[in-house]
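The chain contents come next:
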Amino acid sequence: MFLALALAAACPAGQLTPEQAREDLELAISAAEAGLPDIYWRQRPEDWARRKAVARAEAAKATNEEELFRALSPLLRGIGEGHLSVARSEGMNCRYRESARLFPLDLFWGEYNPSVIAGYGEAADIPPGTELRWLNGASDHDMVSEMMTVSPHDGDIRTGVMRDREGRGYAVARWWLRGNEPDYLVELKLPDGKMMTRRLKPVPVSARPAPPADPDPVATLSWVNADTAYLYVPTFSNKRYRAAGADYRKTIQAIFEQLAAHGAKKLILDLRDNGGGSEPNESILFSYLVEEPFQKYASVRSRPNKLRVTSLSGKVFEQEIYDADELKTVAAAPNGDLLRTNAPPEGLMTRWEKASPVYKGQLAVLAGGYTFSGGAELASMLRATNRGLFVGEEVGGTHGGNTSGYKWEITLPNSGMEIGIPLLAFRFTWKESPENHGLWPQCLVPPRIGEVRVTKDAAYDVALRALDKGWTVSASPGC
């Protein structure tokens, strides 16, 4: 008991005055407005103005960092740029670990009501597969909408938040929004169909097991049969490849040499865990699937190179977007913004060089809510070139482009929270329809609770059957 008290006392109190909260909020607003190339790409001016008014009213009542976060996060998340980050302070994370009392169910977010994965404390007897019909009167739609205010997401896409917040994710998001609650009234539908209303008690963070380690980041190839291969590409991050003692380019080259050597005729490409990574790795993989390079970006835009904002107390925050060499790759637009020129080594193209060997057989692509950033970009490039049958759910990254690349990272002076403003707007050459949404599959097969990737996965089975039927772009996929 004394050790627990000592640990709790080690966490800073995190108190703020309304003036300090206001300074941090206004600094975040100024940085977003100064750094984002188009703050109204995914939102309307009137919505930004409305959310600013709400956030300012909430910040005026804030007395600690958590209350400021509850004002700041919905404001910035509502911009609809999933690469915009809001990192909580070390003190906030410390207090969460030591004092948070969480909703006691881990959830799987499917097409309809979330399903229970596991229960803790008094809720440990709730069987997996039980549907959570409502929580304190809120529906699953309401719960996802609330999660979006503290979760990164592109545009109006909900699937990315649903995947990111699986397992313990909902309980964590709910705590950051509401703090400790005395209990939770839930309506449950048990696996046998029986309905139950029950009041659940919260549990401490320590009641849940530690989250699993990240899977191996290196792409892998396996064979379904003599003609068909399965390629799993979980990331485009060079950093993660280096940590695993591997090289991305060499890995992909070796995989496609193996496909060519075996004479593969059918390929399933799994991007469902690919949240992006390092530019231009998505284009490198694309070049092994589509022989001819093509222009993917209509524009790559940033604000003028030198950014500067000043806090209410006079603190100056500055950022340069490009170094001297990189400035040679951009040109000024009439309004002073900078536009990338279409010249090697990057420009606006998929690639300037052709890869070899190029796989030209049938292709099925598995993608979903966690397919984000470079993963979503690859999916959109393949769809734009009619390369492959898409199976899964709505992709987590918007189909028309994103704001990402370099970030302006600012530590808010009073709360210690860090915001990261993405500085490059990548707009694709194809139309985004519907606006503010991700690529939709031709074969809609949302994930289901209890599925194990590949061996017991419905999307994989649909893709394999379609390839076996000789699916082509010009023919109906026959999902």
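Residues numbered from 1 in each chain as written. Predicted model: local features only at pLDDT ≥ 70, side-chain atom pairs only at ≥ 80, totals over all residues. Heavy atoms only, no water.

Caption draft 1: Representation of the overall build of the protein in the model. Scanning the protein from terminus to terminus reveals 13 helices and 21 strands. A compact globule built from 479 residues should have a C-alpha radius of gyration of about 23 Å, and the protein, at 24 Å, falls within 12% of that. Each principal axis of the C-alpha distribution contributes one length, and for the protein these read about 65 × 65 × 45 Å. Every one of the 479 residues in the protein was classed for burial, and the buried ones make up 52%. Across the protein, the fraction of contacts at a sequence separation of at least 24, relative to all contacts at a separation of at least 6, is 74%. Carbon and sulfur atoms provide 52% of the accessible area of the protein, an area that totals close to 21,100 Å². (Helix = DSSP H or I, 4+ residues; strand = E, 2+ residues; numbered from the N terminus. Rg over C-alpha atoms; globule rule 2.2 N^0.38 Å. Buried < 20%, exposed > 50% of the residue type's maximum accessible area, 1.4 Å probe, protein only. Contact = heavy atoms within 4.5 Å. Areas by Shrake-Rupley, 256 points an atom, 1.4 Å probe, with all protein chains shown as cover.)

Caption draft 2: Just the domain arrangement of the protein, in detail. The assigned domain composition of the protein is domain 1 (18-89), domain 2 (101-204) and domain 3 (220-469). A C-alpha centroid distance of 30 Å is found between domain 2 and domain 3. Facing 14 residues of domain 2, the contacting portion of domain 3 comprises 18 residues. Counting each side, the surface lost to burial between domain 2 and domain 3 is near 1,200 Å², with a carbon and sulfur contribution of 62%. For the pair domain 2 and domain 3, the interface holds 1 salt bridge. Where Arg163 meets Glu393, a salt bridge forms, and the shortest distance between an N and an O atom there is 2.8 Å. When contributions to the side of domain 2 that touches domain 3 are tallied by element, the ones reaching two or more residues are β4 (115-119) and α7 (159-164). (Domains from an automatic or database assignment. Buried area = accessible area lost by both parts, 1.4 Å probe. Salt bridge = Lys/Arg side-chain N within 4 Å of Asp/Glu carboxyl O.)

Caption draft 3: Broad picture of the pattern of salt bridges. Overall, the coordinates contain 34 salt bridges when judged by the stated rule. Through salt bridges with shared partners, a single ionic network connects Arg44, Glu46, Asp47 and Arg50.

Caption draft 4: Inspection of empty space enclosed by the protein at higher detail. Tallied over the entire structure, the rule returns 1 cavity of 30 Å³ or more. Lining the largest cavity, in full, are Phe286, Ser287, Val290, Glu291, Glu292, Pro293, Thr350, Arg351, Glu353 and Lys354. Taken together, the residues of the lining of the largest cavity break down into 3 nonpolar, 2 polar and 5 charged. (1 Å grid on protein atoms, 1.4 Å probe; cavity = no way out; pocket = protein on both sides within 12 Å on 5 of 7 lines; lining within 4 Å. Points joined across faces, edges and corners; volume = space filled by probe spheres on them. Nonpolar A, V, L, I, M, F, W, Y, C, P; charged D, E, K, R; others polar.)

Caption draft 5: Seen up close, the side chain of Asp457. Along the polypeptide, Asp457 turns up in the loop between β21 (443-444) and α13 (458-468). One polar contact links the side chain of Asp457 to the main-chain amide nitrogen of Tyr460, over a distance of 3.0 Å. Residues in contact with Asp457, not counting those within four places in the same chain, are Arg272, Glu451 and Val452. (Polar contact = N/O pair within 3.5 Å; in protein donor to acceptor, adjacent residues only side chain to side chain.)

Caption draft 6: How the structure looks around the nonpolar core. Leu76, Phe103, Phe256, Leu269, Leu285, Leu382 and Trp408 are the most contacted members of the largest nonpolar core, which totals 112 residues. For this core, the leading source of residues is helix α2 (residues 18-35), giving 8 residues. Sequence-distant contacts of Leu382, defined by excluding residues within four places in its chain, comprise Leu269, Phe286, Leu289, Val290, Leu363, Val365, Arg387 and Phe390. In terms of nonpolar packing, the next biggest core, distinct from the first, is built from 19 residues, Ala364, Cys443, Tyr460 and Ala466 among them. (Core = buried A, V, L, I, M, F, W, Y, C linked by side-chain atoms within 4.5 Å.)

Caption draft 7: Structural view of the state of the cysteines. Applying the stated rule across the entire model yields 1 disulfide. The partner cysteine of Cys11 in its disulfide is Cys94, sulfur to sulfur 1.9 Å. Disulfide Cys11 to Cys94: torsion about the S-S bond roughly -75°, handedness left-handed. One end of the pair, Cys11, is in the loop between α1 (2-10) and α2; the other, Cys94, is in helix α5 (residues 90-99), with 83 residues separating them in the sequence. As far as burial versus exposure is concerned, Cys11 and Cys94 are alike and both buried. (Disulfide = S-S within 2.5 Å.)

Caption draft 8: Focus on helix α3 (residues 45-59). Between its first and last C-alpha atoms α3 spans 21 Å; for 15 residues at 1.5 Å apiece the expected length is 21 Å, and the two agree. The complete set of buried residues in α3 reads Asp47, Trp48, Arg51, Lys52, Ala55 and Ala59. Along the axis of α3, the buried residues cluster in a sector spanning 135°; they form a single face. Next to the buried residues of α3 lie α2 and α4 (65-77). (Expected span 1.5 Å × (residues − 1). Arc of directions from axis to C-beta.)

Caption draft 9: Up close: the confidence of the model for the protein. For the protein, per-residue confidence averages 94 on the pLDDT scale, and residues scoring 70 or more make up 97% of the total. Confidence over residues 1-8 falls short of pLDDT 50; this stretch has 2 contacts with residues more than four positions distant or in other chains. (pLDDT = per-residue confidence, 0-100.)

Caption draft 10: Molecular detail of the environment of Phe108. Mapped onto the secondary structure, Phe108 falls in strand β3 (residues 105-108). On the basis of relative accessibility, which here comes to 9%, the residue Phe108 falls in the buried class. The sequence separation of Phe108 and Ala87 amounts to 21 residues, and the corresponding C-alpha distance is 25 Å. With residues near it in sequence (within four places) discarded, Phe108 still touches Pro114, Ser115, Ile117, Arg163, Glu166, Pro447, Arg448 and Ile449.

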